[in-house]
Amino acid sequence: MREAAPLLRAEGLVRRYAMRRGAFGRSVEVRAVAGVSLTVERGRTLGLVGESGCGKSTTGRLVLGMEAPDAGSVAFEGKPLPSPGSAAWRAQRARMQMVFQDPLGALDRRLPVGAQIAEPLEIHGIGGKAERAARVEALLGAVGLRADQAMRYPHELSGGQRQRAVLARALATEPALLVCDEPISALDVSIQAQVMNLLVDLQAQFGMGVLFVSHDLRAVRQVSHRVAVMYLGQIVEEGEPDAVLHDPAHPYSRALVSAIPHPGRAGQRMVLQGDPPNPADRPSGCAFHPRCPVASALCAREAPVLKPRPDGRLVACHVAQGEAAPGQGILAKAA
Ligand code: SF4
């Protein structure tokens, strides 16, 4: 029997931008996404984590077709994604929705939230007036808002309530895929856990696959079935959340994990040497080598490939793959 295609499969995505150095400087090419492949299964969540500027949000836009990749492909439910902006793509967007970071920016301040939740149904011609009204009420209930809050304007709701309204609108067309781009980072810490729990509940109820993009490894762990760690436009490690958090294989993942406050790890924070990543100035070989505490000479020459290990984890690192002995870091050697 043929295995069903995954909900979403992206292969070798590349996205380049032109960037000018200084006011009169020449334009340089920046690879924001440099060969990303990922899979989101039905009813499962893939967490995509990395520092600001690592290309994870761009990856989210590429898989939705909000931007066209310069290379690579995206297949949704086994079929190539239609060209961004085409009629076929617009029709497909009912099945693929996005939740943005700032709920106030994502909502129209001049419209009551109930009308905004109904909007995707109108755009895609789903249901009659009474059916849409019933659907809006059901969605408000599903995200923990009261029916009478449909008449409220965004500024009359709290930050957490606004993000609930954004989730209700994203779910209106019963999408198979939700891309959540930093959905909790604009919320108070006290509200973040509520919204993440809600996302987990909604997934159990609606069964959608989720790509959860965040800089926060703890948040990613809470909602994800699999985690992919990104550095400078590439995935450097991918695996089960507990495995990546308890035993990170890639030195960059180790640095991210060590930055999470934990009573058992007091004083063990791994401080990375070198400058934060600059996509306009991509290092040779492994892009992480100028900051890596165990970089060897091979790391500066040859880029590691993301490969499976016997434990099922994917890792792009010469040392973690046993292809090189741990060094002492290129910067340390040069000093
Ligand atoms: Fe990259 Fe080498 Fe460090 Fe592995 S050991 S992360 S390949 S620099």
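Treat the numbers as computed from the prediction; the structure is a model and nothing was measured. Each chain carries its own residue numbering, running from 1 in the direction its sequence is written. Only residues with pLDDT of 70 or above have their local features reported here, since the model is predicted, and side-chain atom pairs are shown and tallied only from 80 upward, although totals for entire chains, interfaces and linings are computed over all residues. By convention in this description, side-chain values take in all heavy atoms of the structure and omit both hydrogens and water.

### Topic: the side chain of Q203
Part 1 of the reasoning: To qualify as a helix, a DSSP run of H or I must reach at least 4 residues; to qualify as a strand, a run of E must reach at least 2; elements of each kind are numbered from the N terminus. One can find Q203 in helix α7 (residues 189-206).
Part 2 of the reasoning: Accessible area is worked out with a 1.4 Å probe on protein chains only. A residue is then buried under 20% of its type maximum, exposed over 50%, and partly exposed in between. Of the residues examined, Q203 reaches a relative accessible area of 8% and is grouped as buried.
Part 3 of the reasoning: Contacts of Q203, omitting those with residues within four sequence positions, involve G43, R44, T45, M208, G209, V210 and H225. The contact criterion used is simple: two residues touch if any of their non-hydrogen atoms lie within 4.5 Å.

### Some words on empty space enclosed by the protein
Picture a little ball the size of a water molecule; that probe, rolled over the atoms, points out where space is still empty.
Part 1 of the reasoning: Here a cavity denotes a set of grid points, spaced 1 Å apart and computed over the protein atoms alone, in which a 1.4 Å probe fits but from which it cannot get out, and a pocket denotes an open set meeting protein on both sides within 12 Å along at least five of seven lines; residues with an atom within 4 Å of a point are reported as lining. Grid points are joined across faces, edges and corners, and a volume is the space filled by probe spheres set on the points. Scanning all chains against the criterion turns up two cavities of 30 Å³ or more.
Part 2 of the reasoning: Estimated volume of the largest cavity: approximately 80 Å³.
Part 3 of the reasoning: Along the walls of the largest cavity sit 13 residues, with C286, C292, C299, C317 and H318 positioned nearest its centre.
Part 4 of the reasoning: For this scheme, ten residues count as nonpolar: Ala, Val, Leu, Ile, Met, Phe, Trp, Tyr, Cys and Pro. Four count as charged, namely Asp, Glu, Lys and Arg, and the remainder, Gly too, count as polar. The residue makeup of the lining of the largest cavity, split by class, is 10 nonpolar, three polar and no charged.
Part 5 of the reasoning: Reported here for the second largest cavity is a volume of approximately 50 Å³.
Part 6 of the reasoning: Around the second largest cavity sit V99, Q163, L167, C180, P183, I184, V195, M196, L199 and F212, which together line it.
Part 7 of the reasoning: Contributing elements (two or more residues each) for the lining of the second largest cavity: α6 (159-171) and α7.
Part 8 of the reasoning: Per element, the largest residue contribution to the lining of the second largest cavity is three residues, and it comes from α7.
Part 9 of the reasoning: Split by residue class, the lining of the second largest cavity holds nine nonpolar, one polar and no charged.

### Some details on the packing of helix α4 (residues 113-123) against helix α5 (residues 129-142)
When two helices pack together, their arrangement is given by the angle between their axes and by how far apart the axes lie.
Part 1 of the reasoning: Contact geometry of α4 with α5 gives a least axis separation of 9 Å together with a crossing angle of 125 degrees. Judged on the interaxial angle alone, α5 and α4 are oblique. Here the hand of the crossing between α4 and α5 comes out right-handed. Contacts from G114, I117, A118, L121 and E122 in α4 reach R132, R135, V136, L139 and L140 in α5.
Part 2 of the reasoning: Considering only residue class, the contact of α4 with α5 consists of six nonpolar, one polar and three charged. Lines fitted to the C-alpha atoms define the axes, with helices restricted to the stretch that makes contact. Angles between their N-to-C directions range from 0 to 180 degrees. The scheme is simple: roughly parallel for angles under 35 degrees, roughly antiparallel for over 145, roughly perpendicular for 65 to 115, oblique for anything else. Working rule for handedness: look at the near helix, and if it is turned counterclockwise from the far one by less than a right angle, call the crossing left-handed; if clockwise, right-handed.

### So, the nonpolar core
Here is a general trend for soluble globular proteins: nonpolar side chains tend to be buried in one another's company.
Part 1 of the reasoning: If you look at the biggest cluster of nonpolar residues, it comprises 56 residues, and the most contacted ones within it are L167, L178, L202, F212, L217 and V229.
Part 2 of the reasoning: No other element matches α6, which puts six residues into this core.
Part 3 of the reasoning: Beyond its immediate chain neighbours, meaning those up to four positions away, L202 contacts A142, V143, L167, L171, G207 and M208.
Part 4 of the reasoning: Put simply, buried Ala, Val, Leu, Ile, Met, Phe, Trp, Tyr and Cys residues joined by side-chain atoms within 4.5 Å make one nonpolar core. In this structure, V36, L46, M96 and V213 belong to the second largest nonpolar core, which totals 27 residues.

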